[in-house]
Amino acid sequence: MTATVDHQELARALDAARLERREVAPLTREVPQLSLPDAYAIQEAGIRLRLSRGERVVGLKMGLTSEAKRRQMNLDSPVYGVLTDRMQVPADGVVRLSEGIHPKIEPEIAFRIGRELKGKVTRDEALDACVSVFAAMEILDSRYRDFKYFSLPDVVADNSSSSLFVLGTAEHPPRAMDLTRLEMKMSVNGEVVQAARSDAISGDPVVSLLQLCELLAERGQVLPAGSIVLAGAATAAHMLKPGDRVQLTVEGLGSVAVSAA
Ligand code: OOG
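Residues numbered from 1 in each chain as written. Predicted model: local features only at pLDDT ≥ 70, side-chain atom pairs only at ≥ 80, totals over all residues. Heavy atoms only, no water.

For the chain, an unreviewed UniProt entry supplies the name 4-oxalocrotonate decarboxylase and the organism Pyxidicoccus fallax.

Set out below in structure tokens:
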């Protein structure tokens, strides 16, 4: 970690930008030496600020796990962010765009973890630890101007652009289907805007879980029992507009919808 970087101060700046719905310049503009360990330390400090205001951690999200997203953001390795209870929008709920800066939505698959996972785990171990799998969407919102940043440390420090998420209500046992072959279609007001097969996510959404466990282990952390994990978007993200009703259907997992106002 870079000795000269004040993690608390940078976390406070990003937290204030989020609360005040104000865009800021990417951190690496002012702090070009910002490393990935610095960025995760800033992310963690930002989450501590949210916890101090009564929020509760409910899970984690993976990001940049698909080629489509890596191309869209011009970055090339997976990252994670933390999800809190206040980020969850109920299924069929409403996302108020005025409460964000420039929110985008993307199609995902989520897991509920029943047993702690730690370090390098096999696909079978991960599936054994999973209670259920379901359709989900993530609403991203970068605190950076025009949703643009140029480095992994920037996005990681900003909690990997986390903002809100919505989970499908139908939970399925993870071994009930081939998780690499599920057709995913996201539509806005009835028109399909993004579609992909689930293997667009890390070649297999379960691989996102394995990658998450390894990333956490690099920081001496585990994936706690009870966590929700978003495996990362299968496609590029879609900019939300007022009046949009967004529905994701995942073959075998059902549908989940949310509206933007
Ligand atoms: C980074 C977060 C990407 C995903 O699912 O790929 C992400 C971003 O797009 O700003 O969450």
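We are not done yet, so read on.
Student: It is not clear to me how the UniProt feature "domain: Fumarylacetoacetase-like C-terminal" (unreviewed entry) in the chain should be interpreted in this structure. Could you clarify?
Tutor: Following the UniProt record, one finds the feature "domain: Fumarylacetoacetase-like C-terminal" (unreviewed entry) at residues 73–257. Counting secondary structure, residues 73–257 comes out at 15% helix and 35% strand; the distance between its end C-alpha atoms is 25 Å. (UniProt positions renumbered as here; feature names shortened; annotations may be inferred. Helix = DSSP H or I, 4+ residues; strand = E, 2+ residues; numbered from the N terminus.)

Student: Quick question: what am I supposed to make of the sheet that holds strand E9 (residues 191–197) here?
Tutor: The strands that make up a sheet pair up through hydrogen bonds in the backbone, lying either parallel or antiparallel. Strands sit in the order E4-E13-E12-E8-E9 across an open sheet of five strands; the sheet is mixed. Because the sheet does not close on itself, it has two edges, and the strands there are strand E4 (94–95) and E9. In this structure, E4 lies alongside strand E13 (residues 254–260), joined through two bridges in parallel fashion. Across the sheet, the residue bridging to Val95 is Ala260, located in E13. (Pairing = 2+ DSSP bridges.)

Student: Help me out: how do you make sense of the site of the ligand in this one?
Tutor: Close to the ligand lie 17 residues, the nearest being Lys61, Leu64, Lys69, Tyr149 and Ser161. One of the backbone N or O atoms of Ala233 is found 2.8 Å from an oxygen atom in the ligand. Starting from 310 Å² of accessible surface for the ligand in isolation, the protein chains cover 100%. Breaking the shell around the ligand down by element, the ones donating at least two residues are strand E1 (57–63), helix H4 (67–73), strand E5 (104–113) and strand E6 (130–140). In terms of residue count, E1 provides more of the shell around the ligand than any other element does, three residues in total. (Near = heavy atom within 4 Å. Polar contact = N/O pair within 3.5 Å; in protein donor to acceptor, adjacent residues only side chain to side chain. Areas by Shrake-Rupley, 256 points an atom, 1.4 Å probe, with all protein chains shown as cover.)

Student: It is not clear to me how the environment of Ala217 should be interpreted in this structure. Could you clarify?
Tutor: Summarising the element assignment, Ala217 is placed in helix H7 (residues 205–218). Residues Ala217 and Ala234, 17 residues apart in the sequence, show an inter-C-alpha distance of 25 Å.

Student: I would appreciate a short explanation of the nonpolar core in the present structure.
Tutor: Judged by nonpolar contacts, the single largest core of 74 residues is most densely connected at Ile109, Phe111, Met137 and Leu223. Among the elements that make up this core, the one with the highest residue count is H7 (seven residues). In this structure, Ile109 is in contact with Val133, Phe134, Leu182, Met184, Ser198, Ile201, Pro205, Val229, Leu230, Ala231, Val250 and Leu253, ignoring residues within four places of it in sequence. In this structure, Leu83, Phe134, Phe165 and Ile228 belong to the second largest nonpolar core, which totals 10 residues. (Core = buried A, V, L, I, M, F, W, Y, C linked by side-chain atoms within 4.5 Å. Buried < 20%, exposed > 50% of the residue type's maximum accessible area, 1.4 Å probe, protein only. Contact = heavy atoms within 4.5 Å.)

Student: How do you make sense of the pattern of salt bridges when you look at a structure like this?
Tutor: Once their charged atoms are close, side chains differing in charge can pair, the charge on each being opposite to the other. Taken as a whole and judged by the stated rule, the model has 20 salt bridges. Of the charged contacts in the structure, one is a salt bridge between Lys61 and Glu138, with a shortest N-O distance of 3.1 Å. Taken together, the positions of Lys61 in strand E1 and Glu138 in strand E6 put the pair 77 residues apart, joining distant regions of the chain. Of the two residues, Lys61 and Glu138, both sit in the buried class. The network of salt bridges with shared partners includes Asp15, Arg18 and Arg53. (Salt bridge = Lys/Arg side-chain N within 4 Å of Asp/Glu carboxyl O.)

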